[in-house]
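# Observations on chain architecture
Now for the letters of each chain:
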Amino acid sequence: MVPTILGIAIGVLLIVGTLFVWVVLRMRALYWRVGSFECSISEPGSDSWTKGIAVFGAEYISWYPLIALGRRPRYTFSRQRLTIASQSGTEDHSDTLVLRVRCNGQEQMWGMGRDSFTGLVSWMDAAPPEEEPTRI
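Residues numbered from 1 in each chain as written. Predicted model: local features only at pLDDT ≥ 70, side-chain atom pairs only at ≥ 80, totals over all residues. Heavy atoms only, no water.

A word on the layout of surface pockets. Looking at the largest pocket, its volume works out to about 150 Å³. Considering the residues around the largest pocket, the lining is formed by Tyr31, Glu38, Cys39, Ser40, Lys51, Gly52, Leu66, Gly111 and Met112. Split into classes, the residues belonging to the lining of the largest pocket amount to 4 nonpolar, 3 polar and 2 charged. (1 Å grid on protein atoms, 1.4 Å probe; cavity = no way out; pocket = protein on both sides within 12 Å on 5 of 7 lines; lining within 4 Å. Points joined across faces, edges and corners; volume = space filled by probe spheres on them. Nonpolar A, V, L, I, M, F, W, Y, C, P; charged D, E, K, R; others polar.)

Below, the structure written as structure tokens:
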């Protein structure tokens, strides 16, 4: 009886330890990506925020929750469809901005640092120009 309980306890510890190592390695890999920045997301009217990491891509921003098991982003935002509806500072953190963004008809709140906001605006403005049709 005791060896069975001990075996189960060791198995549970191994599973929990493996999951912990996976989450830590995943977070480290996200933080080390070029173009990554901390960005919390909240639904409008909600008081809860989900911490995460956003990564700039060529045409999309991918957002990953900070603690998760999956490797895929939870949200992907297109550069062409993303708009900043409003921005405001927070009272408790002078370096933190709260943005109200719209993408694909959905609205969310993003919380990020001023440096990340500057990078976001630069990324949005750096879109390649639209090709104009040529007539022959």
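Now for unusual backbone geometry. Positive phi is not limited to glycine here, since Asn104 has a value of about 55°. Residue position: Asn104 is located in the loop between strand S7 (96–103) and strand S8 (106–113). (Helix = DSSP H or I, 4+ residues; strand = E, 2+ residues; numbered from the N terminus.)

Within a regular beta strand, the side chains point alternately toward one face of the sheet and then the other, so they alternate between its two faces. Where strand S2 (residues 40–42) and S8 come together, 3 bridges link them in antiparallel fashion. Within the sheet, the bridge partner assigned to Ser42 lies in S8 and is Met109. Pairing analysis gives 8 bridges linking S7 to S8, with the strands arranged antiparallel. The residue of S8 that forms the bridge with Arg100 is Met109. (Pairing = 2+ DSSP bridges.)

For Arg81, the location among the structural elements is in the loop between strand S5 (75–78) and strand S6 (83–89). When the C-alpha positions of Arg81 and Gly105 are compared, they lie 8.9 Å apart, and in sequence the two are 24 residues distant. If near-sequence neighbours (up to four positions away) are discounted, Arg81 is found in contact with Arg102, Cys103 and Asn104. (Contact = heavy atoms within 4.5 Å.)

The subject of this paragraph is the sheet that holds S2. Strand order in this open sheet of 4 strands is S2-S8-S7-S6, and the pairing throughout is antiparallel. Two strands in the sheet have a free side with no partner beyond their single neighbour: S2 and S6. Recorded for the sheet is a direction-independent mean angle of 25° between the axes of neighbouring strands. Against the sheet, helix H2 (residues 114–125) makes contact with S6, S7 and S8, and its axis sits at roughly 130° relative to S8, the strand it touches most. (Axes fitted to C-alpha atoms, helices over the stretch in contact; angles between N-to-C directions.)

What follows covers the side chain of Ser78. You can see Ser78 is positioned in strand S5. For Ser78, a relative accessible area of 9% puts it in the buried group. A polar atom in the side chain of Ser78 sits 3.3 Å from the backbone nitrogen of Gln80. In contact with Ser78, other than residues within four places in its own chain, are Glu59, Tyr60 and Cys103. (Buried < 20%, exposed > 50% of the residue type's maximum accessible area, 1.4 Å probe, protein only. Polar contact = N/O pair within 3.5 Å; in protein donor to acceptor, adjacent residues only side chain to side chain.)

Each strand in a sheet pairs with another by means of backbone hydrogen bonds, the pair being arranged parallel or else antiparallel. One open sheet holds the 4 strands; their spatial order is S1-S3-S4-S5, and the pairing between them is antiparallel. One side of each edge strand has no neighbouring strand; the edge strands of this open sheet are strand S1 (36–38) and S5. Averaged over all pairs of adjacent strands, the angle between strand axes in this sheet comes to 25°, irrespective of strand direction. Examined bridge by bridge, strand S3 (residues 52–56) and strand S4 (residues 60–65) share 5 bridges and lie antiparallel to one another. Opposite Gly52, over in S4, you have Pro65 as the bridge partner.

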